[in-house]
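# Summary of structural features
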Amino acid sequence: MLRPPSLVNVTTIVKPTPKTRNGQDFFHSPKLSGVEVPRWGRSRSTVSGQSVCSIRGQGGRQERFKGIPMAQAVSSQRGPVTGTAMRSRKRRPFLLDLYSTAVGKKYVMAVTGIAMMGFVLFHMIGNLKMYLGATDLNHYAKFLEELLYPLAPHGVTLWILRAGLITMLLLHLHAAYSLTVLNRRARPVKYQSARDYQVATFASRTMRWSGIIALAFIAWHLLDLTFGVVNDHVGTKDADGLKDVYGNVVFSLQRVPVAIFYVIANVLLGIHLFHGAWSIFQSLGWNNPRFNKWRRTFATGFAAVIVIGNVSFPIAVLAGVVGN
Amino acid sequence: MSNSIKNLTLKIWRQLGPTVKGAFETYNVDEISDEASFLEMLDYLNERLISDGKEAIVFDHDCREGICGTCSLMIDGQAHGPQRGTATCQLHMRKFSDGDSIVIEPFRAAAFPIIRDLMVDRSKFDRIIESGGFITAPTGGAPDANLIAIPKPVSDAAMDSAQCIGCGACVAACPNGAANLFTGAKVAHLNRLPQGQPERFKRVESMVETMDEYFGSCTNHGECEGACPKEISVDVIALLNKDYRKAKFASRKDLAR
Ligand code: HEM
Ligand code: SF4
Ligand code: FES
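This report concerns the structure included in the present document. On a predicted model such as this, the values are computed, not experimentally measured, just so you know. (Residues numbered from 1 in each chain as written. Chains lettered and ligands numbered in written order. Predicted model: local features only at pLDDT ≥ 70, side-chain atom pairs only at ≥ 80, totals over all residues. Heavy atoms only, no water.)

### Regarding the interface of chain A and chain B
Taken residue by residue, the interface counts 80 residues in chain A and 90 residues in chain B. In total, chain A and chain B occlude about 7000 Å² of area from one another, counting both sides; carbon and sulfur atoms represent 50% of this. At the boundary of chain A and chain B, one finds one salt bridge. D97 of chain A serves as the salt-bridge partner of K248 of chain B, at 2.7 Å between the closest nitrogen and oxygen. Looking at the side of chain A that touches chain B, the elements that each hand over two or more residues are strand 3 (46-47), helix 1 (70-75), helix 2 (94-99), helix 3 (102-127), helix 5 (156-186), helix 6 (202-205) and helix 9 (256-283) of chain A. Per-class residue counts for the side of chain A that touches chain B are 29 nonpolar, 32 polar and 19 charged. (Contact = heavy atoms within 4.5 Å. Buried area = accessible area lost by both parts, 1.4 Å probe. Salt bridge = Lys/Arg side-chain N within 4 Å of Asp/Glu carboxyl O. Helix = DSSP H or I, 4+ residues; strand = E, 2+ residues; numbered from the N terminus. Nonpolar A, V, L, I, M, F, W, Y, C, P; charged D, E, K, R; others polar.)

Have a look at this one:
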């Protein structure tokens, strides 16, 4: 790196200490302390062919920097030079350590995203039972409660799965929140002219919004069909004495505003997955020219299957296909 | 055959210093050859400003042949302007037409403070390089050429990543102000080669952690790849993520560290 010698103003050079941290460092360099070394990040900066210094003395310079060559004005804001050295940061337990960087948080987003994708897929497939009639759907609901019975007591496996999902959701949410904060801080002053995006998609740029609406949907969904807070039919038994899940669904989706909310939320979830199901491969470092071209196909296909399946339910109920 | 472009309106960001408020100012260029580069067009404008006794527009540039990474500029909302795989210095006026209005803004990111007008300080990239973008080698006599065998595809892939000129367009283009393409390119360059192996995992940990201090995070928008004058592929980001995971999870006894 080229440093204009006239600008280098080294006061003290502390001798390199030949200390090895845990015997792991390969590289040591002189530590400069109390030093203000103006550094040229770029080899040369000029104003249209004139060197920077030659514009000194022109009118209209900022008050603070009057009389100071521009490079020094800039360098005074930079920290002391540390030299090249791979750092040995104090390590936390490895999962926390991983989660402490943005790259690690993206691993958490991707893993929790995959878990939720698995849930959403099986949830949708399970719900297709409503096309077979009330008995099938209600027995399927019973089957879920009896998962692994008699190994596990009634309903326990289901609650373990639910607890897992809630954990996944909370982790996903926390990672999304902290990455958003990081990103906002990384560009405090926005571009003042319109951006012309070339590659970023509507889906990738609205992950936060599609995610938040998915969250609102999940909350409503639980109040509606799980806890029955907004669904008076919940609690009714069918002819076999089973919970009438079928009736609950029909009751809920016959309310037109609810059906519309279901459609909108699922389309947005599809948009979330259109980007998310592609993005997981990058986040997890699964990149291989042999299968790269299938990543887009997978994401589009997955999102389409979820949207078509889930959106069909409110439409089927409103059309009377389900419920008679 | 050279033609000329007439009646350009330029909206250029002017800002006296890092902490001063800036604003767009409008300039006209009546006529410029379509063989002029974008920066030559700015030179031409600056000469006029200087002869009018006005302050010249400050912008970064050096080699003007697309290899040093000094030039920058957001041109009409795109880092390095509308031509793919091209640095601003290699962008020519033939990309524009008569009567065009062009908006020129500096790269914007917390890590790239504006020095003046269109010039930004990209030394945070140096911090990333200092923390791992090198190999440690004994400085003895020059080793024989081809002493270390490297498979051709590996060396090609490493050289593709080595093309990164550190211009910062990836950060500028990224909606999150993330530097993963730059860091990924540097990591992929060294981690793919035998010479990079001893420090492979330490490098990736160290560079990722340094990057975290100054830059945003990657949402895999892919905007960086679109803006990169060297068309570095987002594949390097996946490699960065993979090596970072290995650095954290794999048995440290088996990793080269
Ligand atoms: C609680 C509501 C949710 C919020 C607030 C949310 C938010 C986000 C955000 C902001 C991202 C992008 C993160 C980034 O790269 O910067 C993301 C990624 C993702 N989300 Fe969600 N999301 C939510 C629910 C869901 C659900 C229910 C699923 C799955 C069915 C899901 C699957 C994914 C996937 C697969 C990714 C991609 C992860 C990656 O880039 O590696 N999300 N989410
Ligand atoms: S990766 Fe491309 S855009 Fe980013 S600094 Fe390197 S050359 Fe510039
Ligand atoms: S001036 Fe060197 S790359 Fe543009």
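### Re the coordination of the iron atom of ligand 1
All names here are of chain A. At this site the iron atom of ligand 1 is bound by H172 (NE2) and H272 (NE2), with donor distances of 2.0 to 2.1 Å. Classification of the site at the iron atom of ligand 1 rests on its six donor atoms, whose angles at the metal span 86 to 180°, yielding the label octahedral. Within this pair, whereas H172 is found in helix 5, its partner H272 is found in helix 9, the two being separated by 100 residues in sequence. (Donors = N, O, S within 2.8 Å, 3.2 Å for Na, K, Ca; no water. Tetrahedral: all angles 85-135°; square planar, octahedral: opposite > 155°, others 65-115°.)

### Some details on unusual backbone geometry
In this structure, P150 of chain A follows Y149 of chain A across a cis peptide bond, with omega equal to 10°. Structurally, P150 of chain A can be placed in the loop between helix 4 (134-145) and helix 5. Its identity is not glycine, yet N146 of chain B carries a phi of approximately 55°, on the positive side. Within the element layout of this structure, N146 of chain B appears in the loop between helix 2 (124-130) and helix 3 (152-162).

### Re the site of ligand 1
The immediate surroundings of ligand 1 are formed by 24 residues, with K106, H172, H272, S279 and S283 of chain A found nearest. Neighbouring residues of ligand 1 are distributed over chains A and B. The side chain of H172 of chain A places a nitrogen or oxygen atom 2.8 Å from a nitrogen atom of ligand 1. S279 of chain A places a side-chain nitrogen or oxygen 2.4 Å from an oxygen atom of ligand 1. For the shell around ligand 1, the elements supplying multiple residues, two or more each, are helix 3, helix 5, helix 7 (207-226) and helix 9 of chain A. At seven residues, helix 3 of chain A tops the list of elements feeding residues into the shell around ligand 1. When grouped by side-chain class, the residues that make up the shell around ligand 1 number 14 nonpolar, eight polar and two charged. (Near = heavy atom within 4 Å. Polar contact = N/O pair within 3.5 Å; in protein donor to acceptor, adjacent residues only side chain to side chain.)

### Structural notes on the state of the cysteines
Summed over all chains, the structure comprises zero disulfides over all chains. The thiol of C224 of chain B is not disulfide-bonded; the next cysteine sulfur, from C218 of chain B, is found 6.4 Å away. (Disulfide = S-S within 2.5 Å.)

### A few points about the sheet that holds strand 2 (residues 23-33) of chain B
All names here are of chain B. Across the sheet, which stays open at both edges, the five strands sit in the order 2-1-5-3-4 with mixed pairing between neighbours. Each having just a single partner strand, strand 2 and strand 4 (78-79) make up the two edges of the open sheet. In the packing of helix 1 (residues 38-51) onto the sheet, the strands contacted are strand 1 (4-14), strand 2, strand 3 (74-75) and strand 5 (101-105), and the crossing angle to strand 2 comes to about 105°. (Pairing = 2+ DSSP bridges. Axes fitted to C-alpha atoms, helices over the stretch in contact; angles between N-to-C directions.)

### Some words on the site of ligand 2
Residue and element names in this part refer to chain B. Neighbouring residues of ligand 2: 13 residues in total, closest C164, C167, G168, C170 and C228. Those elements that place two or more of their residues in the shell around ligand 2 are helix 4 (169-173) and helix 5 (180-191). A breakdown of the residues in the shell around ligand 2 according to their chemical character gives 11 nonpolar, two polar and no charged.

### Considering the environment of F261 of chain A
Residue and element names in this part refer to chain A. As for its placement among the helices and strands, F261 is situated in helix 9. Overall, F261 belongs to the partly exposed group, its relative accessible area being 27%. Remark: the alpha-carbon pair of F261 and P314, spanning 53 residues in sequence, is separated by 9.6 Å. When sequence neighbours within four positions are dropped, the list of residues in contact with F261 reads A216, F217 and W220. (Buried < 20%, exposed > 50% of the residue type's maximum accessible area, 1.4 Å probe, protein only.)

### Considerations on the side chain of D238 of chain A
Residue and element names in this part refer to chain A. With respect to the helices and strands, D238 occurs in the loop between helix 7 and helix 8 (245-253). Of the side chains bearing the opposite charge, K237 lies closest to the buried D238, which forms no salt bridge; the N-O distance is 8.3 Å. Within the local environment of D238, its side chain forms a polar contact with the backbone nitrogen of D240, the two atoms lying 3.0 Å apart. Beyond its immediate stretch of four places on either side in the chain, D238 contacts N138 and D244. (Lys, Arg positive; Asp, Glu negative; His and termini not counted.)

From the geometry alone we can't say anything about function, so treat these as descriptive.
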